[in-house]
Amino acid sequence: MPHRDTVSWNSIITGYWKNGCFDESKRLFGLMPTKNVVSWNSMIAGCIEDERIDEAWQYFQAMPQRNTASWNAMISGLVRYDRVEEASRLFEEMPRRNVISYTAMVDGYAKIGEIEQARALFNCMPQKNVVSWTVMISGYVENGKFDEAENLFEQMPDKNIVAMTAMITGYCKEGKTDKAKILFDQIPCRDLASWNAMITGYAQNGSGEEALKLHSQMLKMGMQPDHSTLISVLTACSSLASLQEGRKTHVLVLKSGYESRISICNALITMYCKCGSILDSELAFRQIDHPDVVSWNAMIAAFARHGFYDRALASFGEMRSNRVEPDGITFLSLLSACGHAGKVHESLNWFNSMIESYKIVPRPEHFACLVDILSRGGQVEKAYKIIQEMPFEADCGIWGALLAACHVHLNVKLGELAAKKIVELEPQNSGAYVVLSNIYAAAGMWGEVTRVRGLMREQGVKKQPAYSWMEIDNKVHFFLGDDASHPEIHRIRLELKGMKLQMIADDDIEEVFSACSC
DNA sequence: CGAGAGCCAT
């Protein structure tokens, strides 16, 4: 039967591109005696899988007849590469739309941030299924509309694991890992993606401890981690600054065979940096054959964090001679290098060169970084000028940087202003009151000190004591500033003195560095 | 035999 024969051809053709051999699919397609609409659709899908969207369009144009699946394949292909305008045009043109066509467009609008448009289309869909609901929910999550996501999730008739995972991500992005965990525990048969979502959520919220715990629980249940799991576990190690855990995870990376994945290497660079071993950061970097922009950015940021301004700069030069285009984050790393080295003037140069030579539009983070550098450098007036002139509203972080600098470099007028802004933005922020009263105290304005303290009592604002802690032999030791209550305080002070001396002696750390690096 | 969803690095 000739029909049966075409079906076999189609399966083989699809099998080839699914295994990354699109050219073989193409060859076979050319040899086929009779092609049906499914054969053509398979070729469109193959092109899209191989990132050859314009070739997909050629097949779409050339095919003798199209069915709804052909139009849908083309639409979702365009959506995948952010060409939503074109997808929308096809959607309007197509003769019959089904739930898949609508869902693909909802996804498309959400992807480009047209979340209202996505919702409007979602609302007028003739029928919806679980995928439509899931797309809409994760669209809200991606666009930071967490309340809308939660609302829709609650209304969703048949919640499945994919929607629940999207919602877990939503809760975590909002910082509500507790809510996420409750949902996670409700999933009957957790799969890899749902484990990954929860581990990532913990890792990105600074709950490294929980992330590691969940990861080992996952391993105990016989679930194999993939590269995405390992990246999140590395992030968790970074947030804990635990070199021990970091090395253990690195071993797991090697065992799992993901060590050549560039995203894994990039995560290793950052992990080793944040765990204190810049040498291992560089080793991880040097292991990458063709570092991408993320690798370079991570390496520059690592040097910056460890105070190696010159090395950060040299990396940038090397990056450019390797013809990797810097992006906004590259300059953020360079600015951070300036900040750690106290290079105020240089930071302004980098900022200007970013805009003028590299045509990169500065984002709020760039301004925040600049304000921080100028503030720390004592140029509080100039920092304030930048805040006034930048095209964004300053957030608490920016005002906080200025406020802190006003304390160090004693500027009562700007300090008052910054504190006022912070209290406006976050009425419960006790830090602003405390720093302001310290500024008044430093200026000898004792009346004002009393006034601010009274204000704090009135507003019911309590000072949150900032403490740090460390874990030794499964016992957690807490420390407050000026805290002498630890039973071994004398030994601690002795050790600190020793470290201080060592830090002074380590001034020639550059030498140590070149002796060790490869 | 063909079309839509969740998790990942700076």
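Computed from a predicted model, the values in this text were never measured in an experiment.

**Q** Provide a residue-level description of the overall build of chain A, including the pertinent values.
**A** Scanning chain A from terminus to terminus reveals 30 helices and two strands. In chain A, buried positions account for 42% of the 518 residues. Of the contacts formed within chain A by residues at least 6 apart in sequence, a portion of 53% connects residues at least 24 apart. Entry remark: accessible area of chain A is about 28,300 Å², with carbon and sulfur atoms responsible for 53%.

**Q** Explain the protein's contact with DNA strand B to me, using residue names and the numbers behind them.
**A** Surveying the vicinity of DNA strand B reveals 41 residues, the closest of which are Asn 10, Asn 67, Asn 129, Asn 196 and Asn 297. Asn 98 places a polar side-chain atom, nitrogen or oxygen, 3.0 Å from a base nitrogen of DNA strand B. At 3.0 Å, a side-chain N or O of Asn 160 approaches a base nitrogen of DNA strand B. For the surface near DNA strand B, the element with the highest residue contribution is helix α13 (residues 192-204), accounting for five residues. The residue inventory of the surface near DNA strand B, partitioned by class, reads 14 nonpolar, 24 polar and three charged.

**Q** Before we move on, could you go through the environment of Asp 158 and cite the residues and values that matter?
**A** Summarising the element assignment, Asp 158 is placed in the loop between α10 (146-155) and α11 (161-173). A residue is classified by how much of its surface remains accessible, and Asp 158, at 55% relative accessible area, is exposed. It is 34 Å that separates the C-alpha atoms of Asp 158 and Val 7, two residues lying 151 residues apart in sequence.

**Q** Kindly report on the UniProt feature "repeat: PPR" (unreviewed entry) in chain A, identifying the contributing residues and their values.
**A** What UniProt calls "repeat: PPR" (unreviewed entry) maps, in this numbering, to residues 5-39, 67-101, 129-163, 191-225 and 292-326. Structurally, residues 129-163 comprises 74% helix and 0% strand, and the distance from its first C-alpha atom to its last is 12 Å.

**Q** Residues and numbers for the pattern of salt bridges, please.
**A** For the coordinates displayed, the defined rule picks out 23 salt bridges. Across the pair Lys 385 and Glu 389 runs a salt bridge whose closest N-O atoms are separated by 3.9 Å. On the criterion of helical spacing, the pair formed by Lys 385 and Glu 389 is a turn pair, its members being four residues apart in helix α24 (residues 380-389).

**Q** Please set out the state of the cysteines residue by residue, giving values where relevant.
**A** A full pass over the atoms with the stated rule returns zero disulfides. A disulfide-free cysteine, Cys 273 has its sulfur positioned 8.9 Å from the sulfur of Cys 275, the nearest such atom. Among the cysteines around Cys 338, which has no disulfide bond, Cys 369 carries the closest sulfur, lying 8.2 Å off. With relative accessibility at 0%, the residue Cys 338 sits in the buried group.

**Q** Residue-level account of empty space enclosed by the protein, with values.
**A** For the coordinates displayed, the defined rule picks out two cavities of 30 Å³ or more. In this structure, the largest cavity spans a volume of roughly 40 Å³. If you go around the largest cavity, the residues you meet are His 250, Glu 259, Cys 265, Leu 268, Ala 284 and Gln 287. Partitioning the lining of the largest cavity into residue classes produces three nonpolar, two polar and one charged. Together, Arg 66, Asn 67, Thr 68, Trp 71, Pro 95 and Arg 96 line the second largest cavity. In terms of residue class, the lining of the second largest cavity is made up of two nonpolar, two polar and two charged.

**Q** Please give an account of unusual backbone geometry that cites residues and values.
**A** Despite not being glycine, Glu 51 shows a phi value in the positive range, around 60°. Here Glu 51 shows up in the loop between α3 (37-49) and α4 (53-62). Residue class for Glu 51 comes out exposed when judged on its relative accessible area of 63%. Although it is not a glycine, Asp 82 adopts a positive phi angle of roughly 65°. Assignment of secondary structure puts Asp 82 in the loop between α5 (68-80) and α6 (84-93).

**Q** Any chance you could break down the packing of aromatic side chains for me, citing the residues and the numbers?
**A** Taken as a whole and assessed by the stated rule, the structure comprises 18 aromatic pairs. When the ring of Phe 29 is compared with that of Trp 40, the centres are 5.1 Å apart and the planes differ by 85°; the resulting orientation is edge-to-face. Pair noted here: Phe 29 is in helix α2 (residues 22-31) and Trp 40 is in helix α3, with a separation of 11 residues, a long-range link. Owing to a relative accessible area of 12%, Trp 40 belongs among the buried residues under this scheme. Following the ring pairs from residue to residue traces out a cluster consisting of Phe 316, Phe 331, Trp 350 and Tyr 358. Lying over the aromatic face of Phe 184, Arg 190 brings its terminal NZ or CZ to 4.8 Å of the ring centre.

**Q** Describe the packing of helix α7 (residues 99-111) against helix α8 (residues 115-123), with residues and values.
**A** At a minimum axis distance of 7 Å, the contact between α7 and α8 shows a crossing angle of 165°. Of the possible angle classes, the one that applies to α7 and α8 is roughly antiparallel. Of the two possible hands of crossing, α7 and α8 adopt the one that is left-handed. Along its contact with α7, which presents Tyr 102, Met 105, Val 106, Tyr 109 and Ala 110, the element α8 presents Ile 115, Gln 117, Ala 118, Leu 121 and Phe 122. Along the lines of polarity and charge, the residues of the contact of α7 with α8 split into nine nonpolar, one polar and no charged.

Reading the values: the criteria
All residue numbers refer to positions counted from 1 along the written sequence of the respective chain. Here every chain gets a letter starting at A, and every ligand a number starting at 1, in the order they are written. Where local features are concerned, this predicted model is filtered to residues with pLDDT of at least 70; where side-chain atom pairs are given and counted, the filter is 80 or more; whole-chain, interface and lining totals use all residues. Here the side-chain values reflect all heavy atoms present in the structure, with hydrogen atoms and water set aside. Comment: elements are numbered from the N terminus, with helices defined as DSSP H or I runs of at least four residues and strands as E runs of at least two. Only protein chains enter the accessibility calculation, which uses a 1.4 Å probe; a residue is then buried when its area is under 20% of its type maximum, exposed when over 50%, and partly exposed in between. Any two residues having at least one pair of non-hydrogen atoms within 4.5 Å are treated as being in contact. Surface accessibility follows the Shrake-Rupley procedure with a 1.4 Å probe radius. Residue values consider only the protein chains on display as shielding. Proximity is defined per residue: if any heavy atom of the residue lies within 4 Å of a molecule or strand, that residue is considered near it. Here a polar contact is recorded for every N or O atom pair within 3.5 Å, except that within protein the pair must consist of a potential hydrogen donor and a potential acceptor, and residues adjacent in sequence are included only if both atoms are side-chain atoms. Under the convention adopted here, Pro, Cys and the residues Ala, Val, Leu, Ile, Met, Phe, Trp and Tyr are nonpolar, Asp, Glu, Lys and Arg are charged, and Gly plus all remaining residues are polar. UniProt positions are given in the numbering used here, feature names are shortened, and annotations may be inferred rather than shown by experiment. A carboxyl oxygen of Asp or Glu within 4 Å of a side-chain nitrogen of Lys or Arg is what we treat as a salt bridge. In plain terms, two cysteine sulfur atoms within 2.5 Å form what is called a disulfide here. Points on a 1 Å grid, built from protein atoms alone, make a cavity when a 1.4 Å probe fits but cannot get out and make a pocket when they are open with protein on both sides within 12 Å along at least 5 of 7 lines; residues with an atom within 4 Å of a point are the lining residues. Grid points are joined across faces, edges and corners, and a volume is the space filled by probe spheres set on the points. A pair of Phe, Tyr and Trp rings is counted when the ring centres sit within 6.5 Å of each other, with Trp represented by its six-membered ring. The angle between the planes then sorts it: under 30 degrees is stacked, over 60 is edge-to-face, the rest tilted. Placement of a positive charge over a ring is assigned whenever Lys NZ or Arg CZ falls within 6 Å of the ring centre and within 35 degrees of the normal to the ring plane. Axis lines are fitted to C-alpha atoms, over the contacting stretch for helices. Their N-to-C directions set the angle, which ranges from 0 to 180 degrees. Any angle from 65 to 115 degrees is called roughly perpendicular, while one under 35 is roughly parallel, one over 145 is roughly antiparallel, and all others are oblique. With the far helix as reference, a near helix turned anticlockwise by less than a right angle produces a left-handed crossing, and one turned clockwise produces a right-handed crossing.

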